[in-house]
Each structure stands twice: as C-alpha cells, then as structure tokens.
Amino acid sequence: MSGSLGFWLAADALGAFRAERMAADALRALVRRRLGRVLGTAAATDFYRERFATAGLDPRSSLPRIDPEGVLSLLAPVGKSELRAAGTAVLAAGRVRPDWYSSSSSGSTGEPFRVYYEPRAWATLKYLVK
C-alpha cells in the first residue's frame with residue numbers, strides 16, 4: 001500500500017469513528033452533504049446528465065446540494081443491464097483512468113459485472129469495509 005493510501009485510510013477511518021458518536025442532526029447533515037456531492041459528481045457524467053434531464057432536472061443546478069433527497073426521489077433506479085449498455089458514459093470523464101482499480105463479480109446471475117474504483121475508494125472498501 002502506498003503512503004498516500006495509508007493516509008486516506010487513516011483519515012477515512014477517523015471520520016467513520018467520529019460519525020458513530022455524532023448527534024442525530026449532525027449525522028443527517030453529513031449524510032445530506034455527502035449525498036449532494038455524489039449526485040453532483042454523477043450529474044457531470046453523460047449517463048446521469050441524461051437521467052437528470054429525463055427527470056426534469058437541470059444537472060448544472062445547485063438542487064443536488066440543496067435537496068439531495070428530493071433529487072434522488074425523482075431519479076429512476078438504474079439496473080446493471082443499463083450500466084453495462086452505457087459503458088464508459090457512466091464514468092467521470094467518460095473513461096477508465098489508469099490509476100483506478102477494478103473488481104468483477106463472478107457472473108452467477110448470468111453475466112459478470114465490473115466495477116471501477118479510484119484508489120482511495122478501493123482502499124476504503126478493501127481495508128475498512130471488508
């Protein structure tokens with residue numbers, strides 16, 4: 001593991017432990033901020049920009065930060081088949097970056113599914129979540 005990944009693991013672990021002790025209102029505010037960031041990042045991709053427009057939302061608006069739960073409730077769920085068909089349009093900048101990690105399911109339901117992670121997210125999943 002590189003030094004930068006170790007740093008982010010430590011930082012993320014501290015944040016997770018702090019969240020366990022947060023008051024309910026502070027935790028809800030944290031969840032809303034993070035959901036707003038996720039929606040803002042998604043809206044910057046070709047795939048989700050189109051889904052926002054289909055839901056009548058302007059992907060460039062500040063609405064995902066102001067009312068992330070409302071935005072999420074307007075977006076239709078996405079299935080694996082749609083993600084497969086969209087290819088790299090679901091990824092930031094529309095391409096797989098060389099520093100990303102990937103993982104693939106075994107395909108037990110019929111077809112394997114590949115997921116890509118930026119290094120910090122991969123380290124968090126591998127070491128903190130599992």
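In this report, we go over the structure that sits alongside the text. All of these numbers come straight from a predicted model, not from anything done at the bench. (Residues numbered from 1 in each chain as written. Predicted model: local features only at pLDDT ≥ 70, side-chain atom pairs only at ≥ 80, totals over all residues. Heavy atoms only, no water.)

1. Side note on the side chain of Thr 45
Moving on, step 1. With respect to the helices and strands, the residue Thr 45 is situated in the loop between helix H2 (24-43) and helix H3 (46-54).
Moving on, step 2. The exposure class assigned to Thr 45 is buried, which follows from its relative accessible area of 4%.
Moving on, step 3. A distance of 3.2 Å separates the side chain of Thr 45 from the backbone nitrogen of Tyr 48, its partner in a polar contact.
Moving on, step 4. In contact with Thr 45, other than residues within four places in its own chain, are Ala 89, Val 90, Leu 91 and Ala 92. (Helix = DSSP H or I, 4+ residues; strand = E, 2+ residues; numbered from the N terminus. Buried < 20%, exposed > 50% of the residue type's maximum accessible area, 1.4 Å probe, protein only. Polar contact = N/O pair within 3.5 Å; in protein donor to acceptor, adjacent residues only side chain to side chain. Contact = heavy atoms within 4.5 Å.)

2. As for the packing of H2 against H3
Moving on, step 1. Where H2 meets H3, the axes come as close as 6 Å, and the angle between the chain directions of the two elements is 105°. Relative to H3, the element H2 lies roughly perpendicular. Facing Leu 39, Ala 42 and Ala 43 of H2, the residues of H3 in contact are Tyr 48, Arg 49 and Phe 52.
Moving on, step 2. Partitioning the contact of H2 with H3 into residue classes produces five nonpolar, no polar and one charged. (Axes fitted to C-alpha atoms, helices over the stretch in contact; angles between N-to-C directions. Parallel < 35°, antiparallel > 145°, perpendicular 65-115°, else oblique. Nonpolar A, V, L, I, M, F, W, Y, C, P; charged D, E, K, R; others polar.)

3. Topic: the packing of aromatic side chains
Moving on, step 1. For the coordinates displayed, the defined rule picks out two aromatic pairs.
Moving on, step 2. Summarising the aromatic geometry, the rings of Phe 47 and Tyr 48 are spaced 4.8 Å apart at their centres and angled 90° between planes, so their arrangement reads as edge-to-face.
Moving on, step 3. On the basis of an interplanar angle of 10° and a centroid distance of 4.0 Å, the ring pair of Tyr 101 and Trp 122 is categorised as stacked. Pair noted here: Tyr 101 is in strand S1 (residues 101-104) and Trp 122 is in helix H7 (residues 119-129), with a separation of 21 residues, a long-range link. (Phe/Tyr/Trp six-rings, centres within 6.5 Å; stacked < 30°, edge-to-face > 60°.)

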